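An overview of the molecular structure
Single-letter residue listing:
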Amino acid sequence: MKPGTPVLTIGTRGSPLALAQAHETRQRLLAAHPGLSEAQVAIRIIKTTGDKIQDRALAEAGGKGLFTKEIEEALLDGSIDLAVHSMKDMPTQLPAGLIMAAYLPREDVRDVLLSTRPMRLADLPQGATVGTASLRRKAFLLARRPDLQVVTFRGNVQTRLRKLEEGVVAATFLALAGLHRLNIAPSGMQVLEPEEMLPAVAQGAIGIECRDGDARVLDYLAPLNDAPTQMRVEAERALLAVLDGSCRTPIAALAELNGDEMRLRGAIARPDGTDLIEIERRGAAKDGVAMGRDAGADLKGRIGPDFFEA
């Protein structure tokens, strides 16, 4: 095979953050397989429905699958070999024939509050306008600061930072992981600890999806998988799956490891922030998925069928 002939084709969205994640995946593949050249690992940009919708919240248009549908179709038809995803964007159910084959080492899970000058949530002016497209962030914010005005705020990291500078809103949120991957450190950034704003399920984690049974691709991906990240993400997504979570539902979860032990925290909230329910489990890390299911079932049992209605 010629050195420039693609051996693997990576599918990704075209945002700067998505491309940074795809390039990280390619560099890890090259490091794990010295026989591969950069030209043999192609990156193909695929525009998703979620990328095309910029005028409203994704919850109004169909939820998380909007960022994955077209990429997964390319996997299934064989036009790409693997797909790189932000795991917080992934539905809990994958299409038949596809699997999550590897997880890269997880980045910082925390959210950051961005404003024109550094301030904590408690310091935001009474009635200030805060922009976010995340129902989780909106609900958890209103649970603590019901006086604030929350508006839909879409766009990639750079777009949202520009809107903030233009004074469209007084403050907004971003994931610290994305800022790290883009090597951006905005002024006025306040990191929020999980006790203040529990992160989205699988926030900071990059997952690699491929066709089930594709031994060639699975062999390439095997050295990339980070076992601690996999254990944490699978526990959090197990909780989410029980709650049938989507972009329409304000749900948060965070699994943390301490040796062979796992601490799993979860929380759900009404979209308007009027009710916030938190839960915690501790146990053996190997039982993380079972812990997630148990915690999810416990939360589900505490709420009525209309809990997530606005």
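For the structure given in this document, a descriptive report is provided here. Keep in mind that what you see is a predicted model, and the values were worked out from it rather than measured.

All right, on to the side chain of Thr 48 then. You can see Thr 48 is positioned in the loop between strand 2 (41-45) and helix 2 (49-52). Each residue touching Thr 48, except ones within four places of it in the same chain, is listed here: Arg 13, Leu 66, Phe 67, Glu 70 and Ile 71.

This paragraph deals with the sheet that holds strand 11 (residues 251-258). Read from one edge of the open sheet, 3 strands run 11-12-13, paired in antiparallel fashion. Taken across any chain shown, the strands that pair with only one partner, and hence form the sheet edges, are strand 11 and strand 13 (276-284). The sheet shows a mean angle of 10° between the axes of neighbouring strands, taken without regard to direction. In this structure, strand 11 lies alongside strand 12 (residues 261-269), joined through 8 bridges in antiparallel fashion. Considered in strand 12, the bridge of Ala 252 is made with Ala 267. Relative to strand 13, helix 9 (residues 288-302) is tilted by about 155°, and along the sheet it contacts strand 12 and strand 13.

Here we come to the pattern of salt bridges. In this structure the tally under the stated criterion is 25 salt bridges. Linking Arg 13 and Asp 89 is a salt bridge whose minimum nitrogen-to-oxygen distance equals 3.7 Å. Here Arg 13, found in the loop between strand 1 (8-12) and helix 1 (16-32), pairs with Asp 89, found in the loop between strand 3 (82-86) and strand 4 (98-103); they are 76 residues apart in sequence, far enough to count as distant. Each member of the pair, Arg 13 as well as Asp 89, carries the same accessibility label: buried. We note a salt bridge from Arg 181 to Glu 24, for which the minimum N-O separation is 3.9 Å. You can see Arg 181 sitting in helix 6 (residues 176-181) and its partner Glu 24 sitting in helix 1, a full 157 residues away along the chain. Look at Arg 181 and you get buried, because its relative accessible area is 18%.

Below, the discussion takes up the packing of aromatic side chains. Applying the stated criterion across every chain yields a total of 0 aromatic pairs. Residue placement shows Lys 163 over the ring face of Phe 153; its charged tip is 5.4 Å from the ring centre.

Here we take up the nonpolar core. Counting 27 residues, the largest nonpolar core has Met 87, Leu 239, Ile 251, Ile 268 and Leu 299 as the members making the most contacts within it. Counting residues per element, the ones that place at least two in this core are strand 4, helix 8 (227-242), strand 11, strand 12, strand 13 and helix 9. For this core, the leading source of residues is helix 8, giving 4 residues. Counting 22 residues, the second largest nonpolar core, distinct from the first, contains Val 109, Ala 139, Leu 254 and Ala 267.

About the criteria used
Residues numbered from 1 in each chain as written. Predicted model: local features only at pLDDT ≥ 70, side-chain atom pairs only at ≥ 80, totals over all residues. Heavy atoms only, no water. Helix = DSSP H or I, 4+ residues; strand = E, 2+ residues; numbered from the N terminus. Contact = heavy atoms within 4.5 Å. Pairing = 2+ DSSP bridges. Axes fitted to C-alpha atoms, helices over the stretch in contact; angles between N-to-C directions. Salt bridge = Lys/Arg side-chain N within 4 Å of Asp/Glu carboxyl O. Buried < 20%, exposed > 50% of the residue type's maximum accessible area, 1.4 Å probe, protein only. Phe/Tyr/Trp six-rings, centres within 6.5 Å; stacked < 30°, edge-to-face > 60°. Lys NZ or Arg CZ within 6 Å of the ring centre and 35° of its normal. Core = buried A, V, L, I, M, F, W, Y, C linked by side-chain atoms within 4.5 Å.

Note that all results are geometric; they support no functional claim without further evidence.
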